[in-house]
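# Working through the structure, step by step
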Amino acid sequence: MMSTVILRTSVRLLVPLSLIFSVFIYFKGHQTPGGGFVGGLMLAAALVIQRMGDGPVAMKRFMPASPRWLIATGLSFALITGLGAMLWGLPFFTSNHGYIPLPLGGGKFEWASVMLFDLGVMLTVAGVVVGIIDALSQELE
């Protein structure tokens, strides 16, 4: 695929914004719709836009981990979250939560063990989508 000057220039703005939005959706999804799945789709969109604008070599530099590594890491996080509850004698995937005080009087951050599961979902979704699109793009190139 031949990229244009407009696309290459747009990548410089779109990729960082998409990454920031992906993290926002990940954290916001615990209270409202979103979370790991939608955050993973946004992360994948940022990586695919990077590949479209700058090519596969630039994407590999931008994302040094392979899609398979993202998938394996994401599935490991999800499994660890489920098994973690069992260490305390609770049923598989039982969630726990608490608060972490933020510095400089910034209030409290509510954490939940399900955040690790959502991180696993996010990495798995991003790895699957980027892997599929990368494989299809290599066939076309």
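Residues numbered from 1 in each chain as written. Predicted model: local features only at pLDDT ≥ 70, side-chain atom pairs only at ≥ 80, totals over all residues. Heavy atoms only, no water.

### Focus: a nonpolar patch on the surface
Judged by side-chain polarity, Val23, Phe27, Ile100, Leu102 and Phe109 come together as a nonpolar surface patch covering roughly 390 Å² of accessible area. For Leu102, the position within the fold is in the loop between strand E1 (97-101) and strand E2 (108-112). (Patch = residues over 30% accessible without salt bridge, like charges linked within 9 Å, V, L, I, M, F, W, Y side chains within 5 Å. Areas by Shrake-Rupley, 256 points an atom, 1.4 Å probe, with all protein chains shown as cover. Salt bridge = Lys/Arg side-chain N within 4 Å of Asp/Glu carboxyl O. Helix = DSSP H or I, 4+ residues; strand = E, 2+ residues; numbered from the N terminus.)

### Some thoughts on the pattern of salt bridges
Going through the model one piece at a time under the given rule, you end up with two salt bridges. Among the ionic pairs, Arg51 bridges to Asp134, the shortest N-O distance being 2.6 Å. Separated by 83 residues along the polypeptide, Arg51 in helix H2 (residues 36-54) and Asp134 in helix H5 (residues 114-140) bring together distant segments of the chain. Note on accessibility: Arg51 and Asp134 belong to one class, buried. Here Asp134 and Lys60 are joined by a salt bridge, their closest N and O atoms 3.2 Å apart. With Asp134 in helix H5 and Lys60 in helix H3 (residues 56-62), the pair connects residues that are 74 residues apart, well separated along the chain. Assessed through its relative accessible area of 43%, Lys60 is described here as partly exposed. The structure contains a network of salt bridges with shared partners spanning Arg51, Lys60 and Asp134. (Buried < 20%, exposed > 50% of the residue type's maximum accessible area, 1.4 Å probe, protein only.)

### Overview of helix H4 (residues 67-87)
For the α-helix, the turn length of 3.6 residues means that residues three or four positions removed from each other point alike. Relative to the 30 Å expected for 21 residues at 1.5 Å per residue, H4 spans 30 Å between its end C-alpha atoms, a close match to the ideal helical length. The set of residues buried in H4 consists of Pro67, Leu70, Thr73, Gly74, Ala78, Thr81, Gly82, Gly84 and Ala85. Elements in contact with the buried residues of H4: H5. Note on H4: the residue one or two positions beyond its end, Gly89, has a positive phi of about 75°. (Expected span 1.5 Å × (residues − 1). Contact = heavy atoms within 4.5 Å.)

### What to know about the pairing of E2
Pairing of E1 with E2, which is carried by five bridges, proceeds in the antiparallel orientation. Bridge pairing in E2 places Tyr99 opposite Glu110. Here E1 folds back onto E2, and the loop between the two strands holds six residues, one of which, Leu104, carries a positive phi near 60°. (Pairing = 2+ DSSP bridges.)

### Observations regarding the nonpolar core
Within the largest apolar cluster, 13 residues are counted, with the highest numbers of intra-cluster contacts made by Leu43, Leu47, Met63 and Val130. Counting residues per element, the ones that place at least two in this core are H2 and H5. Here this core gets five residues from one element, more than from any other, and that element is H5. (Core = buried A, V, L, I, M, F, W, Y, C linked by side-chain atoms within 4.5 Å.)

These figures come from the coordinates and say nothing about function on their own.
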